[in-house]
Each structure stands twice: as C-alpha cells, then as structure tokens.
Amino acid sequence: MGMSASQARFLCLTARKSNVEFEGQQINQQRTSLSNTSGAYYSELCNMSVPTPPSLDEFTKVSYVFNDGAFSNTITSMIAKQGGKYSISYIQQWQDDYSIVSAASSVVSRNQTDSTNWVLLSEEEKNNIKYFYITNLEFDEYIEVHKENRIDGGGIEYYYCADPNNTDEKTYIDINEHNKVTAALVDENADNPKDAVTLLKKDPSGNYFKEGTITTYTYSIGSAKLRKLGSTPTDKENDPYLRNLSDEQIKDLMAQEGYYKDLLNEKNGNLTNLEDYYVRYIKDATTGAYVPYFYSASDIESEKYNDTGLATEGMNCYTIGSATKTKEVLNQFAKVEKDSTGRYIGIKIYTDDKFNEETAIEYSLTTNTTTDEAAYEDAMNKYNYEQFQYDQKVQEINSKIEIIQQQDKSLELELKHLDTEQSAIDAELDAVKKVISKNVDSSFKTFSA
C-alpha cells in the first residue's frame, strides 16, 4: 500500500506541476500582450505633434511710408530695374472729413392721408375718351363727338357733333375752350352713357385729368418729419432748421442736397440705378450746427410697417462724417536712397521713364512696423486650443499606460505565486521520489533474500 500511495502522490504532483507551468505560460502571454499595447501607446505618444505658439514676427510687417501734404503713402511693391532705378506702387491714404458714414438707425412712423384730387389719365384711358359735355350749345346733354381732318383747315383735326334735330348738320367744337367742352370717360356697358360719365379736365399741354382718390404718406421720426432729399420744403415753418433759412439759403441747400444724393449713391453702389433718399436735420449739441441724416427711399417707402404705422425694423441711416479714403497708385518710376545698413531712407519719384531730375520729387522714407493684432490673437487662440487637445490626449494615453502597468504588476504577483508553488511542488516531488526509491530498494532486497 505504501508503494501505491507514493506513486499516486507522485502522479498528482506531476499533474499539478504541469498545470502551474501552463498557468505561468498564460500569464506570460497576457504580459506580452500588455507590453505590445503599452508599446503602441508609447509610439503614439512619441509621434504626436507638439503645438508651437505663434511668433509675433510672423504677423509683423515692415513697410516704407512717405508723406505728401495731407496724403500718407505706403509703398506696396518695389521692382528693381537697371542702373539703380525702380518701378514702385503705393497706397495713398487721406482723411476725408466730408464723407457719407453709417449712423444708428431710428424708429420710423408712417402716416396715411387720403384726398380727392385730379389724377392724370393713363394712355389707355385717353384712348377711351369718346363723349364731351356741351355747355354752350342749345342742347345741353352728352353727345358723341367725332373728329375729321378738314381740307380747308390744313389737315388739322376738328371735332364736331351732330345736331339732334338734324343729323345732317355738323356743329364744330373748339376743343380747347374749356368752358364750352369738357371731355368725359364713358362706361360702354352702361345702359345710359350719361349715368356712367366721368368728367375730365384738360391742361394747356393736352393732358387729361380725372377726379380720383390719392393716398399720400408722410414719414417721421418722433416729431421730426422726413423730407425727400432735394425736394422744395412745403412745411418750412414746422422745421426748426429750415424756418430760419432765407429763400436764397433754401436754394443753396437744394443744390447741396443734390450733391449729398450723388455721394449716397456712390457709397451704396447705385451709380447705374440711382436711389432716392429722405433727410432730416438734427442739431449737434456740441457745435450747434445742424447735421443731415439720410434714409434710403426704398427702405422708407417699403411695407415694413405695422397697423399702427410703426416700422417693424430699423432703417439704414447715413450722415456726414470723417472717413479714411484710399487710392492705389501703380508703376511709378523712382530712385531710392539707402543708409549704411541697407535700409531705405529716401525716394525720388519721376513723372516718366526718362528720369528727368527737373521733374523729380524727393521724399523722406519712414520705416513703419505694423502688427496684425487680430490675426495674431486668432493664431494664439488656435494654438491654445491645439495645446489643450494635445495635453488632453497625453493625459488620456498616460492613464491607459498606467492601467496597463497596474495590470502587469498584478500578473507579475500571480507569476511569483506560481513560481513559489512550483518550488514547493518540486521539493515535494523530490521527497516522493526518495520514498519510492527506498520502497523499490526494500522490495528488491526482500525478493533477493
């Protein structure tokens, strides 16, 4: 029984040792996998591009400037030619204190007035004139009028009507005598033309007018009424600015407003399709002078009003103010002067390529250093964002590596535990082997005796 028990114990320990070795192999494979993952993270970390902050020098530009009276000229290009000659281009800048500039918009209100007035007939309506009202003839009624070209009248058109009592007789009418003849429009569908007659007036120019309802609008901001720019004032006494102007000053103002209109159309790019404007004058509290404020007629006369007559949105407003004007001058012939460091300090500009010194104008050059602060700040904001993303990514990778290291340490402890267990199994195997060996020796001695 001792021999059998030892052999069974030996087999059990051998199986346990194999299992420990297998578990150790599995742990080593897991540690290898963790090592590969950790290596990939380190590789990603090393390959990441580190953001670099923008340099202020990248957004700093050196330019050369020369002044010509009220004009400041900044050189934009210098093309060298033979013999120390140059072709230059520059931007000319000046301050225009009499320019159209944008102003704050105001709430506009619209007032409607309906009135009966004489309205000009359209061409289509003029073609429908058929009857005239005869007042000074013996028959006082609407009579159809005909026209003919009388030979003895030199081909001139004459109007006539037939005598109701004798249709063969013609009564010729002087159409220009308003007290005798009044033109009329007639509804052809009416049973009695007299019931559908609209009397007309005729002016010396031959234009016909009919009575009609005219809807007019007036526009105001607060208590100040707006007036069509360039129109003769009709309510001068109610305007605090206009009522103090003489007739001669009003005439000058109308001419000035024509100039304002040209400036406004030029600013708004309406040179091919001229726009009308409204104006009001406001007293400047500092200078005491009246300043004009302009509103586009297409805005004012639109339908941007509610039922109470108030505009539903702000109207574009303009006034007279100071603005920087620019002009580009191209391909001017010049010679430049340099100091010992190679910096440009002077320039001569010529009228043509002959480089005639008598026509040359000499200027001192000033070096200007300008920095695009807005572009630099945008670049810095972009850098800060990229740096934040970089730091966040690094932190994320380091966190993953730290987790892998903790997992590896845990596996390392398990592996040490297996090593300890394997050492104990080996020691016990050695002991069992000795017991088995003794049992074998004892058995052989018994049988040999």
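Before reading on, note that the structure itself is shown above.
In this text, all values refer to a predicted model and were calculated from it rather than measured experimentally.

A.B. asks: Before we go on, may I ask you to explain a negative patch on the surface in this structure?
C.D. replies: Together, Asp372, Glu373, Glu377 and Asp378 make up a region of like negative charge exposed at the surface. Position of Asp372 among the secondary structure elements: in the loop between strand 20 (366–371) and helix 5 (373–448). Overall, Asp372 belongs to the partly exposed group, its relative accessible area being 41%.

A.B. asks: What's the story with helix 3 (residues 247–267) in this structure? I'm lost.
C.D. replies: Note: α-helices contain 3.6 residues per turn, so residues at a spacing of three or four share the same orientation. Between its terminal C-alpha atoms helix 3 stretches 30 Å, which fits the 30 Å expected from 21 residues at 1.5 Å a residue. Along helix 3, the residues that are buried comprise Ile250, Leu253, Met254, Glu257, Tyr260, Leu263, Leu264 and Asn265. Those residues of helix 3 that are buried lie in contact with strand 3 (85–103), strand 14 (227–228), strand 15 (277–283), strand 16 (290–296) and strand 17 (317–338).

A.B. asks: Is there a simple way to think about the layout of surface pockets in this case?
C.D. replies: Gaps left between atoms are located by rolling a probe of water-molecule size over the structure's atoms. Here the largest pocket is characterised by a volume of approximately 510 Å³. Forming the walls of the largest pocket are 23 residues, and the residues nearest its centre are Lys225, Leu226, Arg227, Asp235 and Asp239. Broken down by secondary-structure element, the contributors of at least two residues to the lining of the largest pocket are strand 12 (208–221), strand 13 (224–225) and strand 15. Among the residues forming the lining of the largest pocket, the class breakdown is 12 nonpolar, six polar and five charged.

A.B. asks: Hey, could you run me through the nonpolar core in this one?
C.D. replies: Nonpolar side chains in soluble globular proteins generally cluster together in the buried interior. Counting 19 residues, the largest nonpolar core has Met48 and Ile397 as the members making the most contacts within it. Elements represented by at least two residues in this core include exactly helix 1 (2–47) and helix 5. For this core, the leading source of residues is helix 5, giving 12 residues. Those residues in contact with Ile397, other than ones at most four positions away along the chain, are Tyr41, Glu44, Leu45 and Met48.

Reading the values: the criteria
Residues numbered from 1 in each chain as written. Predicted model: local features only at pLDDT ≥ 70, side-chain atom pairs only at ≥ 80, totals over all residues. Heavy atoms only, no water. Patch = residues over 30% accessible without salt bridge, like charges linked within 9 Å, V, L, I, M, F, W, Y side chains within 5 Å. Areas by Shrake-Rupley, 256 points an atom, 1.4 Å probe, with all protein chains shown as cover. Salt bridge = Lys/Arg side-chain N within 4 Å of Asp/Glu carboxyl O. Lys, Arg positive; Asp, Glu negative; His and termini not counted. Charge placed at Lys NZ, Arg CZ, Asp CG, Glu CD. Helix = DSSP H or I, 4+ residues; strand = E, 2+ residues; numbered from the N terminus. Buried < 20%, exposed > 50% of the residue type's maximum accessible area, 1.4 Å probe, protein only. Expected span 1.5 Å × (residues − 1). Contact = heavy atoms within 4.5 Å. 1 Å grid on protein atoms, 1.4 Å probe; cavity = no way out; pocket = protein on both sides within 12 Å on 5 of 7 lines; lining within 4 Å. Points joined across faces, edges and corners; volume = space filled by probe spheres on them. Nonpolar A, V, L, I, M, F, W, Y, C, P; charged D, E, K, R; others polar. Core = buried A, V, L, I, M, F, W, Y, C linked by side-chain atoms within 4.5 Å.

Keep in mind these values describe shape, not function.
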